[in-house]
Amino acid sequence: MNVNVYGFELKSQLRVFLTGTVILIGTALLFLVGAYPIYRDSKADVEKVIDGFPPQFAALFGVNDNIFSFGGFYRFSSLYFMLIMAIMSCAWGLTIFGREKRSKTIDFLFVMPTPRISLYLSKLAAGCTLIAGAGAAFLLTVAFSYGRYRDDPTATAIPLPRLLLAAASLFGVGIVFLSFGALTAVLLRRIRSVSGIATAYGVLAFMLVSLPEMTGEDAYRIVAPFTWFNIDEAMNHGHYEAGYLILAAVVALACLTASAIAYARGDVEGL
């Protein structure tokens, strides 16, 4: 691994990383500390609002009767946490692996006395480090929020390790969408808008979550990346579904392998 490339990518992404992490932490506090007590203490009024939602709308935004318990509210909130992490991670993948295309310095990069696969691995390590940092900050925020509800039986019924396991789903989401961003960056001839592409990936994944709930067909989870990390399974049983974890790992590994091959074989004209 090229340490200089690794350090450069981390330094280049520092401002974006800090901004994104603050947004993620702020959203978590807004939902878990700010909004949850309001929903819990205003159950009758909120139920009236929920009853007025069309079933498709409620399914799309993950709204159901369990929203009045801490676990149910966390499950509802987790879709938005995943959305933020997905957009951030995809953007990091697009920026890190597409930097030379956007700045038109590919010729300089590829004449460096370093194997291309080494450059790729250095960039990948930088992306994984960013995901690890944001994910760790999120875990601390969830633990802090959980500590505020010692008098809430719906919260204390969930052991903290299981809640943190559920929160750790963001690491998996981050790796999957980093791989999407990396592959897209390597394959596209020109990257016009990092934020636009990353947001499109995130919003599409968010919308696909509603397919299994609206249709009642569990098979649709295969095309909905957020559902590969089952929050209920983690909180209720202390583990994730092995089959979907394997699916996530295979998809991420396939995208990263394909992007590594394309990156290593690329030339100035092709890239």
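Residues numbered from 1 in each chain as written. Predicted model: local features only at pLDDT ≥ 70, side-chain atom pairs only at ≥ 80, totals over all residues. Heavy atoms only, no water.

## Side note on the UniProt feature "transmembrane region" (unreviewed entry) in the protein chain
Note the cut-off: UniProt positions are given in the numbering used here, feature names are shortened, and annotations may be inferred rather than shown by experiment. Each helix corresponds to a stretch of at least 4 residues labelled H or I by DSSP, and each strand to a stretch of at least 2 residues labelled E; elements are numbered beginning at the N terminus.
Following the UniProt record, one finds the feature "transmembrane region" (unreviewed entry) at residues 16-39, 79-98, 119-144, 164-187, 194-211 and 242-264. Annotation note: span residues 119-144, helix share 100%, strand share 0%, distance between end C-alpha atoms 38 Å.

## Examining the packing of helix α6 (residues 116-146) against helix α13 (residues 242-265)
Axes are the key here: two packed helices are described by the angle between their axes and the distance separating the axes. Selection rule: To get an axis, a line is fitted to the C-alpha atoms, and for a helix only the part in contact is used. The angle between two axes follows their N-to-C directions and goes from 0 to 180 degrees. Our angle categories are set so that under 35 degrees counts as roughly parallel, over 145 as roughly antiparallel, 65 to 115 as roughly perpendicular, and the remainder as oblique. Left-handed is the label given to a crossing in which the near helix is rotated counterclockwise from the far helix by less than a right angle, and right-handed is the label when the rotation is clockwise. By definition, residues are in contact when any of their heavy atoms lie within 4.5 Å. Each residue gets one of three labels, nonpolar for Ala, Val, Leu, Ile, Met, Phe, Trp, Tyr, Cys and Pro, charged for Asp, Glu, Lys and Arg, and polar for the others, Gly among them.
Where α6 contacts α13, the axes come no closer than 8 Å and their chain directions differ by 135 degrees. Put simply, α6 runs oblique to α13. Judged by the twist between their axes, the crossing of α6 over α13 is right-handed. Along its contact with α6, which presents R116, I117, L119, Y120, K123 and L124, the element α13 presents L256, S259, A260, Y263, A264 and R265. Grouping the constituent residues of the contact of α6 with α13 by class yields 8 nonpolar, 1 polar and 3 charged.

## Let's talk about the environment of V142
Locating V142 in the fold gives a position in helix α6. Remark: the alpha-carbon pair of V142 and L160, spanning 18 residues in sequence, is separated by 9.4 Å.

## What to know about a nonpolar patch on the surface
What counts, and what does not: For patches, a residue must show more than 30% relative accessible area and have no salt bridge; joins then use 9 Å for like charges and 5 Å for nonpolar side chains, namely Val, Leu, Ile, Met, Phe, Trp and Tyr. Each accessible area is a Shrake-Rupley result for a 1.4 Å probe, and residues are judged covered by the shown protein chains and nothing else. Salt bridge criterion: a side-chain nitrogen from Lys or Arg within 4 Å of a carboxyl oxygen from Asp or Glu.
A cluster of nonpolar side chains, namely Y220, I222 and V223, defines an oily patch on the protein surface of about 270 Å² accessible area. Along the chain, Y220 turns up in the loop between α11 (210-215) and α12 (231-237).

## What about the packing of α6 against helix α8 (residues 160-167)?
Running from amino to carboxyl end, α6 crosses α8 at an angle of 140 degrees, the nearest separation of the two axes being 10 Å. Note on packing geometry: the crossing formed by α6 with α8 is right-handed. Contact residues: α6 offers F138, L139, V142, A143 and Y146, while α8 offers L160, L163, L164 and A167. Taken together, the residues of the contact of α6 with α8 break down into 9 nonpolar, no polar and no charged.

## A look at helix α10 (residues 194-208)
Note the cut-off: In this scheme, a helix's expected span is set at 1.5 Å multiplied by one less than its residue total. The buried label applies to any residue whose accessible area, calculated with a 1.4 Å probe on protein chains only, is under 20% of its type's maximum; exposed applies above 50%, and partly exposed to all values in between.
With 15 residues, α10 extends 21 Å from end C-alpha to end C-alpha; this agrees with the ideal 21 Å at 1.5 Å per step. Every buried residue of α10 is listed here: V194, A198, G202, A205, F206 and L208.

## Regarding the environment of A86
Along the polypeptide, A86 turns up in helix α4 (residues 70-103). The exposure class assigned to A86 is buried, which follows from its relative accessible area of 0%. Considering only alpha carbons, one finds A86 and F206, 120 residues apart in sequence, at a separation of 9.4 Å. Setting aside residues no more than four positions away along its own chain, A86 makes contact with V173, F177, G202 and F226.

## Some details on the nonpolar core
This is how it is decided: Take the buried Ala, Val, Leu, Ile, Met, Phe, Trp, Tyr and Cys residues and link them wherever side-chain atoms come within 4.5 Å; each set so joined is a nonpolar core.
With 74 residues, the main nonpolar core has Y74, F81, W92, F138, F177 and F226 as its most contacted residues. Contributions of two or more residues to this core are made by α1 (3-41), α4, α6, α8, α9 (169-187), α10, α12 and α13. Looking at this core, the element that brings in the most residues is α4, giving 19 residues. Those residues in contact with F177 that lie beyond four places of it in its chain are A86, S89, C90, Y201, A205, P225 and F226.

## A closer look at the packing of aromatic side chains
Within a pair of aromatic rings, the relevant descriptors are the distance that separates the centres and the angle that separates the planes. Quick reminder of the rule: Here is the rule: rings of Phe, Tyr and Trp (six-membered ring for Trp) pair when centre to centre is within 6.5 Å. Planes less than 30 degrees apart are stacked, more than 60 are edge-to-face, and the remainder are tilted.
Tallied over the full model, the rule gives 22 aromatic pairs. Here the aromatic rings of F229 and Y240 are separated by 6.4 Å at their centres, their planes lie at 90 degrees, and the arrangement is edge-to-face. A residue pair is termed long-range when its members are at least 10 positions apart, and F229 in the loop between α11 and α12 and Y240 in the loop between α12 and α13 qualify at 11 residues. Grouping residues by exposure puts F229 and Y240 together as buried.

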